[in-house]
Each structure stands twice: as structure tokens, then as C-alpha cells.
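Understanding the architecture of this molecule
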Amino acid sequence: MYLLVEANTDRGRRRFLIGGDSGRAAEALIRTFVGEDDRIMDESGEWFEASEIDLASIAANHLPARRSEALHLVM
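A brief look at the structure comes next. (Residues numbered from 1 in each chain as written. Predicted model: local features only at pLDDT ≥ 70, side-chain atom pairs only at ≥ 80, totals over all residues. Heavy atoms only, no water.)

Some words on the nonpolar core
How we decide: What makes a nonpolar core is a set of buried Ala, Val, Leu, Ile, Met, Phe, Trp, Tyr and Cys residues whose side-chain atoms join them at distances within 4.5 Å. Relative accessibility thresholds used throughout: buried, under 20% of the residue-type maximum; exposed, over 50%; partly exposed, between the two (1.4 Å probe, protein chains only). The secondary structure listing takes helices from DSSP runs of H or I that are at least 4 residues long and strands from runs of E that are at least 2 residues long, numbered from the N terminus. Two residues qualify as a contact provided that any one of their heavy atoms is within 4.5 Å of a heavy atom in the partner residue.
With 14 residues, the main nonpolar core has Val5, Phe16, Ile18, Ile30, Ile40, Ile53 and Ile58 as its most contacted residues. If you list the elements that add at least two residues to this core, you get β1 (2–9), β2 (12–19) and α1 (23–35). Excluding anything up to four places from it in sequence, Ile58 contacts Val5, Glu6, Ala7, Glu27, Ile30, Arg31 and Ile53.

Rendered as C-alpha cells:
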């Protein structure tokens, strides 16, 4: 299952598609990316440093999507 996760960054609010069984799992994965200082791609396809994410602002939506629906959400 894919979830749409939103978070604030220095350049504004960004949205990500994250695989996970729940919103909490998706939020935890984003926090892991930040902790490891990984690069991450937002829904528009732009890469940036995960450390730009404001951890307090991470929120997964409550509308889980299968892969085909998730791809439709970002196009």
C-alpha cells in the first residue's frame, strides 16, 4: 500500500508517496530518511536532502492507495 505523506521544508510544503502498512509506518520511514540524511524525491520528481524536512510537520493522509491509484495522485 502507498500513502501520501506531506511535510514542510525550507522551500514549502512537499508531498511524497511512501510504501507502508499504515500512516505511522510511512511517517517513521520519512523520519528514517531524515536521520540518515538521505536524498528523497517529492511527488513532482524533484530530489532534495531529507534533512530539509521539518520532522514536526510530517503527516500521512488517511487515504491509502494502491500503486496505480498512487501514480494517478501525482500526475
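Re the side chain of Glu27
For the record, the criterion: Neither His nor the chain termini are counted; the positive set is Lys and Arg, and the negative set is Asp and Glu. When a carboxyl oxygen of Asp or Glu lies within 4 Å of a side-chain nitrogen of Lys or Arg, that pair is called a salt bridge. Definition of a polar contact: a pair of N or O atoms within 3.5 Å, with one able to donate and the other able to accept a hydrogen when the atoms are protein atoms, and with sequence-neighbouring residues admitted only if both atoms are side-chain atoms.
Looking at where Glu27 falls in the secondary structure, it is placed in helix α1. Within the buried set, Glu27 has no salt-bridge partner at all; the shortest N-O distance to an opposite charge, 4.0 Å, is to Arg31. A polar contact of 3.0 Å, which involves the side chain of Glu27, links it to the backbone nitrogen of Ala60. Apart from residues lying up to four places away in sequence, Glu27 is in contact with Ile58, Ala59 and Ala60.

Notes on the pairing of β1
Using the following cut-off: The criterion for strand pairing is that DSSP finds at least two bridges linking the strands in question.
As judged from the 8 bridges shared by β1 and β2, these two strands associate in the antiparallel manner. Across the sheet, the residue bridging to Leu3 is Ile18, located in β2. Joining the antiparallel neighbours β1 and β2 is a turn of 2 residues. Sheet analysis places β1 next to strand β5 (residues 59–60), joined by 2 bridges and oriented antiparallel. Looking at the pairing, Glu6 lines up with Ala59 of β5.

So yeah, pure geometry; function would need other evidence.
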